[in-house]
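# Topology and contacts: notes
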Amino acid sequence: MTFLPTDEQRAFARSLDAMLTAADTPAAVRAWAGGNPGPGRALWGRLAEAGVCALTVPEEYEGLGLLPVELAHAFVELGRHAVPGPVVETVATAVLLGELARLGEPGPAKRFLPGLASGERTATLTIAGAETVRHAVPYALDADRADTVLVVRGEELWRAPGHGPVRISADPARRLARPAPGGELLAEGPAVTVAAGQARRWAMLATAAQSLGVGLALLDRTVAYARQRSQFGTPIGAFQAVKHRLADTLLALEFARPLLFGAAVTMTPGDLAAAKVATGEAGYTAARTALQIHGAVGYTEELDLSLWLRKARPLRNAWGDPATCRATVIGTYSRPGS
């Protein structure tokens, strides 16, 4: 058995890389953070044309089916290029609605999935426990920019009528707001809980892939900077301390990569949690390395590096923080026979 990517998967990743390189994503990120979603939505349209939006939509709803390995490849590139918007949440929404349809609740899928598959619509999603009161549901990412805001409360799926005040996270391009209470009840019953669990798994996979992509981008830019910046007449990349730090960062990213794609193959909770914590920590390590080697200039608004630096920590905690993921891994693989 081989776990190497296929020629088609490599070509898909290369095509996304080429497209996003030509699209000037740093400008789209800055526009998104500054209140202009137009360039980001245009970028999302190009991704839809490339098939990214259809990777978690069943074929009967105009998608490509559930393709987790292809999704992981795609979201590595999205992270590498810092694509803004509720891209993970749109994926999770598609999985949620598709699973509901499989469990006998096809109404929301018929209504929303074709638009998500084509890229004509975006969605954001937040999942709360049954005990959560309506006014204290978790924040939703980019609720002010998404066409559809969905909330899972226990065994109920609601379409929110709006959102509360927008708050800026550590990453200005990640805009947070609590969905407004009430709205339209789309589905209820145990099927909602099952579908929400599936949505969480796919959101973990997509976020882990984004973290890996962010880490790879940070490392590439830091290596290039270490070759250019000189001290005492020598590029700082020639110093042993800098070499060791960059090598440790590369090792962390490369050890995380097989965990990510292994989780995409199995889609089991333990493997997904392991991938999430490994990629999140590796991406955060890459951010710390980048900031240390660049110095204070790395965090300035003028330098594109800051767009990736600010993503690493929020992605590390999104859809499963390190402590929760480690607990899942321990609980899964410490049992006899695991």
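Our subject is the structure listed above.
Source: prediction; values computed, not measured. For every chain, the first residue of the written sequence is number 1, and numbering continues from 1 along that sequence. Only residues with pLDDT of at least 70 get local features here, since the model is predicted, and only at 80 or more are side-chain atom pairs given and counted; chain-wide, interface and lining totals rely on the full set of residues. With hydrogens and water stripped out, all remaining heavy atoms of the structure feed into the side-chain values.

## Some remarks on the overall build of the chain
Our working rule: Each helix is a run of DSSP H or I of at least 4 residues and each strand a run of E of at least 2, with the numbering of both proceeding from the N terminus. Put simply, the radius of gyration uses C-alpha atoms, and a globule should come to 2.2 Å times the residue count raised to 0.38. Categorising residues by exposure relies on relative accessible area from a 1.4 Å probe, with only protein chains included: less than 20% of the type maximum marks a residue as buried, more than 50% marks it as exposed, and the intermediate range marks it as partly exposed. We call two residues in contact whenever any of their non-hydrogen atoms come within 4.5 Å of each other. The protein chains shown are the only cover counted for residues, whose accessible areas, like all others here, come from Shrake-Rupley with a 1.4 Å probe. Asp and Glu count as negative and Lys and Arg as positive, but His and the ends of the chain are not part of the count. Taken as the charge location is NZ of Lys, CZ of Arg, CG of Asp or CD of Glu.
Helices and strands together make up the secondary structure of the chain, namely 11 helices and 9 strands. At 20 Å, the chain has a C-alpha radius of gyration in line with the 20 Å of a compact globule built from 338 residues. Reported as C-alpha extents along the three principal axes, the dimensions of the chain are approximately 70 × 50 × 40 Å. In the chain, buried positions account for 52% of the 338 residues. If you take every contact in the chain between residues at least 6 apart in sequence, the share linking residues at least 24 apart comes to 73%. Carbon together with sulfur atoms contributes 56% to the accessible area of the chain, which is approximately 14700 Å² in total. Positive and negative side-chain charges of the chain, numbering 34 and 32 respectively, have mean locations separated by a distance of 7 Å.

## Digging into helix α3 (residues 38–49)
Just so we agree on the cut-off: Expected span of a helix: the number of residues minus one, times 1.5 Å. This arc is taken over the directions from the axis of the helix to the C-beta atoms.
The end-to-end C-alpha separation of α3 is 17 Å, in line with the 16 Å expected for 12 residues at 1.5 Å each. Restricting attention to buried positions, one finds in α3 the residues Gly40, Leu43, Trp44, Leu47 and Ala48. For α3, the buried positions fall inside an angular range of 145° around the axis, keeping them on one side. Residues of α3 that are buried sit in contact with α1 (7–22), α2 (25–33), α4 (68–80), α5 (87–102) and α6 (107–118).

## Considerations on the side chain of Ser306
Of note, Ser306 is situated in helix α10 (residues 305–317). For Ser306, a relative accessible area of 1% gives the class buried.

## A word on the sheet that holds strand β5 (residues 167–168)
This is how it is decided: Following DSSP output, two strands are said to pair if at least two bridges run between them.
With antiparallel pairing, 3 strands are arranged side by side in an open sheet as β2-β6-β5. Two strands lie at the open edges of the sheet, namely β2 (140–141) and β5, each paired on one side alone. Across 2 bridges, the pairing between β2 and strand β6 (residues 175–177) is antiparallel. Paired with Ala140 across the two strands is Ala177, which belongs to β6.

Keep in mind that these numbers describe shape and distance, not what the molecule does.
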